[in-house]
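Analysis of the macromolecular model
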Amino acid sequence: MEVTRQLLTDRAGKTGLCRIQLTFCWDGQRLRLSSGQKCLPRDWDAKRELLKARPGTYSDTINPVLEHYADAATAAYHASVVAGEPLGKEAMEAEIRRRFLELSRAEAGLPPIPAPPPPPPPTFSEYYDRWLGEQSRSVNLRTGQRLSKTYLDSLANTRAVLQGFAAHTGHELTLAGMDARFYQAFQEYFFQVRGQGLNTFGKHMRALKTFLGWCESNDIAVNSKFHKFQAPDEPTGTDALTQAELLAIAGLDVYTDAGRALVRRHFEAIDEAAAEQPRRRGQRRSQVDEYRILERLRALERARDKFLQCAYLALRISDANRMAPRHIDRAHHLVRLKAGKTQLPCVIPFIDDDVFRPVALIEKYRALQLPTCLPVGLHLEEYLPMVAELVGLTRIALTSKVGRKTFVTLKLAQGVPRTTVMQATGHKTEKSFNRYAGIDEAELVENYRKTARKVKGESPGAAAA
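Described below are features of the structure shown in this document. Note on numbering: residues in each chain are counted from 1, in written sequence order. A pLDDT threshold of at least 70 governs which residues receive local features in this predicted model, and a stricter bar of 80 or more applies before side-chain atom pairs are shown or counted, although totals over entire chains, interfaces and linings include all residues. Hydrogens and water are ignored here; the side-chain numbers use all heavy atoms of the structure.

Every case where a carboxyl oxygen of Asp or Glu lies within 4 Å of a side-chain nitrogen of Lys or Arg is listed as a salt bridge. A complete count under the given rule lists 20 salt bridges for this structure. The salt bridge partner of Arg330 is Glu363, with a shortest N-O separation of 3.5 Å. Of this pair, Arg330 sits in the loop between strand S6 (328–329) and strand S7 (334–338) while Glu363 is found in helix H11 (residues 358–364), placing the two residues 33 residues apart along the sequence. A residue is classified by how much of its surface remains accessible, and Glu363, at 34% relative accessible area, is partly exposed. One salt bridge connects Glu363 with Arg366, and the closest N-O pair in it is separated by 3.0 Å. The classification of residues rests on relative accessible area computed with a 1.4 Å probe and restricted to protein chains. Under 20% of the type maximum is buried, over 50% is exposed, and intermediate values are partly exposed. Taking the relative accessible area as the measure of exposure, Arg366 reaches 49% and is therefore partly exposed. Sharing partners across several salt bridges, the network here consists of Glu95, Arg98, Arg99 and Glu102. Strands are runs of DSSP state E lasting at least two residues, helices are runs of H or I lasting at least four, and both sets are numbered from the N terminus onward.

See the structure below:
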């Protein structure tokens, strides 16, 4: 802590008196305070930064005040270093003024000011918010990027669920109360009251355990029983298209009477809803004129092709939207790009076969000379359900995520080694990769039938009997 004093001669009053300012510097921070004292410039000793000791300067009154401020600041800084709690400007100012007042009272022979009661320790939620703040500033050491907003929102959602549990059950959330009793009560609330699944419960428990581990590593008292909390992760399979379903989507012609009727029906419903709302200036009265229908059919086709891009190249929608010609290594028939979510390299085959036709899909749009391989996919959540309806897909909801999962599932069914498929998807661990691997049950049975051992002279059915 460095304390200096300055006489502000450029701000002299009518009587010529100038204010004495105090400047405190510590750990790269600077705080300026008024000492509340004044003197004439001729009475100021700039070298010693004190009043000259001569009659009429009131040096015996003013100098002790300046020294008390210096002593108070030095003591405040030393105490913060010993406690390991650095002080900001506001906290340092409050501590300097408090200690200055104590020194002044002691010199005057007055009793010390009673110490204020210690502030209550932070609550569970306040510690959680402090941890969330740290997470928002953290950097993923693998990618060198900040943690994603989706992940941070998930951590904040866990806090909201815990607060909902406390409000519903009356169970107070405390770090000391993170024991088997809490775990059992939270488990019952989650499954019986919220009615959510096992994997969602496991997600919240993983977030809670990470937070409690942060408390433990920062020497914040926490019940060590939290280490026994289980965070289950039950494999649930995945929503992936069969080979026949993918081929049906790829072969869909949206410019048919069925496509026109579907688009017209969809936008007539929009018109009915919009009729009840005040019309904005320049807004169309109807969305279903012939030009608009053709425009919507073109958007429907591009949404289908954007889905196929995800399915043919194992891409997330964000990566599909930024995939550009520079990512295609035509000499080696590969697509090379870093996944935006993980910054991990993806090496994807750029070869057409009977099911996956990425080359033909990219060539379809090459003449447009776009900065990306395909037009950026917008409003897929509006158009992909129409694609599913036109091909008669009701088994699963069609989303861009289904495309990436379909790539994994069908490539494994084709016999492509898992490690090769993982190079395309950018996965580094089997555990995370397995979430994308679905099962085509009909194809699974057919493969078993083809590879089943047969007893000579007997049919497979007879051998089984």
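All right, on to the environment of Glu90 then. By the secondary structure assignment, Glu90 is in helix H2 (residues 89–107). As for Glu90 and Leu31, which are separated by 59 residues in sequence, their C-alpha atoms are 9.0 Å apart.

On to the packing of helix H4 (residues 149–169) against helix H5 (residues 180–194), then. Axis definition: a line fitted to C-alpha atoms, limited for helices to the stretch in contact. Angles are taken between N-to-C directions and run from 0 to 180 degrees. Their axes nearest at 10 Å, the elements H4 and H5 cross at an angle of 90°. Taken together, the axes of H4 and H5 lie roughly perpendicular to each other. Each of Val161, Leu162, Gly164, Phe165, His168 and Thr169 in H4 lies in contact with H5, whose residues at this interface are Phe182, Ala185, Phe186, Tyr189, Phe190, Val193 and Arg194. For this classification, the nonpolar set comprises Ala, Val, Leu, Ile, Met, Phe, Trp, Tyr, Cys and Pro, the charged set comprises Asp, Glu, Lys and Arg, and every other residue, Gly included, is treated as polar. Of the residues belonging to the contact of H4 with H5, the class tally is nine nonpolar, three polar and one charged. Roughly parallel means an angle under 35 degrees; roughly antiparallel, over 145; roughly perpendicular, 65 to 115; everything else is oblique. Throughout, a residue-residue contact means that at least one pair of heavy atoms, one from each residue, lies within 4.5 Å.

Right, let's talk about the sheet that holds strand S8 (residues 345–349) for a bit. Judged by pairing direction, the sheet is antiparallel, and its three strands sit side by side in the order S6-S7-S8 without closing on themselves. Bordering the open sheet on either side are S6 and S8, each of which pairs with just one other strand. One bridge is not enough; two strands pair if DSSP finds at least two bridges between them. Where S6 lies against S7, two bridges are found, and the strand directions are antiparallel. If you follow Asp329 over to S7, its bridge partner there is Leu334.

Aromatic pairs are defined between Phe, Tyr and Trp rings, using the six-membered ring for Trp, whenever the two ring centres lie within 6.5 Å; interplanar angles under 30 degrees are classed as stacked, those over 60 as edge-to-face, and all others as tilted. Following the criterion strictly, the structure yields 22 aromatic pairs and no others. When the ring of Phe165 is compared with that of Phe182, the centres are 5.6 Å apart and the planes differ by 80°; the resulting orientation is edge-to-face. On the criterion of sequence distance, the pair formed by Phe165 in helix H4 and Phe182 in helix H5 is long-range, its members being 17 residues apart. For Phe182, a relative accessible area of 0% puts it in the buried group. Ring geometry for Phe211 and Trp214: centres 6.3 Å apart, planes at 25°, overall stacked. Of this pair, Phe211 and Trp214 are both found in helix H6 (residues 198–217), three residues apart, which corresponds to roughly one turn of the helix. Look at Phe211 and you get buried, because its relative accessible area is 0%. Residue class for Trp214 comes out buried when judged on its relative accessible area of 10%. An aromatic cluster of at least three residues, connected via ring pairs, comprises Phe165, Phe182, Tyr183, Phe186, Tyr189, Phe190, Phe191, Phe201 and Phe229. Residue placement shows Lys411 over the ring face of Phe356; its charged tip is 4.3 Å from the ring centre. Sitting over a ring, as applied to charges here, requires NZ of Lys or CZ of Arg to be within 6 Å of the ring centre and within 35 degrees of the ring normal.

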